[in-house]
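Report on the structure
Read off the chains here:
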Amino acid sequence: MRVVVVGATGNVGTSVVRALATDDDVTSIVGVARRLPGWRADRTDWRQADVASADLVRIFEGADAVVHLAWLFQPTRDPAVTWRANVLGSMRVFRAAAEAGVSALIHASSVGAYSPGPKDRPVDESWPTHGWPGAAYGREKAYVERVLDVFEHDHPNIRVVRMRPGFIFQRVAATEQRRLFGGPFVPRRLMRQGRIPFVPDIPGLRLQVLHADDAAEAYRLAVTRPVRGAFNLAAEPVLDAQDLAELLGARTVPVPQGLARAAVAAGWHLRLVSAAPGLLELALRIPVMRVDRAKEVLGWTPRRSSWEAVRELFEGLHDGAGMDTAPLAPDGGPVDRIKELATGMGGRP
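This report concerns the structure included in the present document. In this text, all values refer to a predicted model and were calculated from it rather than measured experimentally. (Residues numbered from 1 in each chain as written. Predicted model: local features only at pLDDT ≥ 70, side-chain atom pairs only at ≥ 80, totals over all residues. Heavy atoms only, no water.)

Moving on, we get to the overall build of the chain. From N to C terminus, the chain includes 12 helices and 11 strands. Here the C-alpha radius of gyration of the chain, 19 Å, is about what a compact globule of 349 residues would show, namely 20 Å. On the principal axes, the C-alpha backbone points of the chain span a range of 55 × 45 × 35 Å. In the chain, which comprises 349 residues, the share counted as buried stands at 55%. Within the chain, contacts between residues at least 6 apart in sequence are counted, and of these 79% link residues at least 24 apart. Summing over all exposed atoms, the chain offers an accessible surface of approximately 15000 Å²; the carbon and sulfur share of this is 54%. (Helix = DSSP H or I, 4+ residues; strand = E, 2+ residues; numbered from the N terminus. Rg over C-alpha atoms; globule rule 2.2 N^0.38 Å. Buried < 20%, exposed > 50% of the residue type's maximum accessible area, 1.4 Å probe, protein only. Contact = heavy atoms within 4.5 Å. Areas by Shrake-Rupley, 256 points an atom, 1.4 Å probe, with all protein chains shown as cover.)

Set out below in structure tokens:
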């Protein structure tokens, strides 16, 4: 198989490329990114392209499968930019895959595409995917789900797979995630067990997490097996504030939802944090997912627990970990953090 991975230099993309490179059925990989990486992987050639403007048909020609991972989380202060890249860019990817005669399209959707749902019982892939309108991320993921509905109807011969993972962590992506969601004021020295004084216990905040390597294995299986449809992806257990506090050696402090919303909104408006307030609203509303279909149809079982994935995140934050790609560049210290401030804290991609 020849597989094109669009968005191949980020958290999930680098892991998917590595996973595909271990599969004997995958003879060649094309990694597509806006900025070419210094990092190299077996059987992988690189193409520089922006999904919002590049000639993607030429890149996709001769491919058996396209894995679409490209997504802009920033700039949160200019949603027109993220809409152009994420929604219009995804539409261009899908259209190009059809024009190039690709037989399989695997798209990175998200738990964030789901409509608000229960936290006390898991929902399967039939739960509505209308997102949460208060968060650009949820709106965009949900809209692309509707685009895929039409695409599947119009192209029944193309095998379409939608991955809906929870929060994906790994050590080398920790600095990227700190930049995207925390910003330059998050101190590295606090990111270790016993240093964080407390964890806010916000009612309704329960998170499903998985390691990037486990997410990548699910993508590899979706590429190489004749499966269709949506797959929820998450490891056990579902994490709440008490779990995180135990992991970090901290105590929990009850924080009402209203106070948490106000604190995040204030931090964003004062340009102290990069994440828009809508992301907290989204996290409070997304349902807990059932992952039985991924296990039964894909044959997928995560090898690492959600505890292990979160532990790697905090270790990576403390160490300023990263790798030689633009999204995953390691923490360069004070100079790099000053450059982050110059981007306007959520004002640029």
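Moving on from the coordinates now.
The next thing to look at is a nonpolar patch on the surface. Where nonpolar side chains cluster on the molecular surface, the patch consists of F185, L270, L272 and L341 and spans about 400 Å² of accessible area. As for its placement among the helices and strands, L341 is situated in helix α12 (residues 334–342). Using a relative accessible area of 38% as the deciding quantity, one classes L341 as partly exposed. (Patch = residues over 30% accessible without salt bridge, like charges linked within 9 Å, V, L, I, M, F, W, Y side chains within 5 Å. Salt bridge = Lys/Arg side-chain N within 4 Å of Asp/Glu carboxyl O.)

As a further point, take the packing of aromatic side chains. Scanning all chains against the criterion turns up 6 aromatic pairs. These aromatic residues form a ring-pair network of at least three members: W71, F73, Y137 and F181. (Phe/Tyr/Trp six-rings, centres within 6.5 Å; stacked < 30°, edge-to-face > 60°.)

Here we take up unusual backbone geometry. Along the chain, Q74 connects to P75 via a cis peptide bond; the corresponding omega equals 10°. With respect to the helices, strands and loops of the structure, P75 is situated in the loop between β4 (65–68) and α3 (79–99). A cis amide bond links E236 to the next residue, P237, at an omega of -5°. Considering the arrangement of structural elements, one finds P237 in the loop between β10 (229–233) and α7 (241–248). Notably, R43 is not glycine yet its phi reads approximately 60°, a positive angle. Summarising the element assignment, R43 is placed in the loop between β2 (28–33) and β3 (44–48). Unlike most non-glycine residues, R271 shows phi in positive territory, near 60°. With respect to the secondary-structure elements, R271 resides in the loop between α8 (257–269) and α9 (277–285).

Let us look at the pairing of strand β6 (residues 159–165). Among the 7 residues of β6, 7 are classified as buried, and the element is accordingly described as predominantly covered. Of the two faces of β6, the one lined by R159, V161, M163 and P165 and the one lined by V160, R162 and R164 are each fully buried. As for the winding sense of the linkage, the β-α-β connection from strand β5 (residues 104–108) through helix α4 (residues 136–154) to β6 is right-handed. (Right-handed = clockwise from strand over helix to strand, strands pointing away.)

With that out of the way, let us pick up the environment of A234. Looking at the element boundaries, A234 is found in the loop between β10 and α7. When its relative accessible area of 3% is taken as the criterion, A234 is described as buried. Put simply, A234 and V4 are 230 residues apart on the chain and 24 Å apart in space, counted from C-alpha to C-alpha. The residues contacting A234, other than those within four sequence positions of it, are Q208, V209, L210, M289, V291, W300 and P302.

Overall, the coordinates contain 19 salt bridges when judged by the stated rule. Among the salt bridges present, the one from R146 reaches D149, with a minimum N-O distance of 2.9 Å. Of the two residues, R146 and D149 both sit in helix α4, 3 residues apart, roughly one turn of that helix. Judged by relative accessible area, which is 31%, R146 ranks as partly exposed. Owing to a relative accessible area of 33%, D149 belongs among the partly exposed residues under this scheme. The closest approach of N and O atoms between R290 and D292, which form a salt bridge, is 3.9 Å. Of the residues examined, R290 reaches a relative accessible area of 35% and is grouped as partly exposed. Looking at D292, the relative accessible area reads 33%, which means it is partly exposed.

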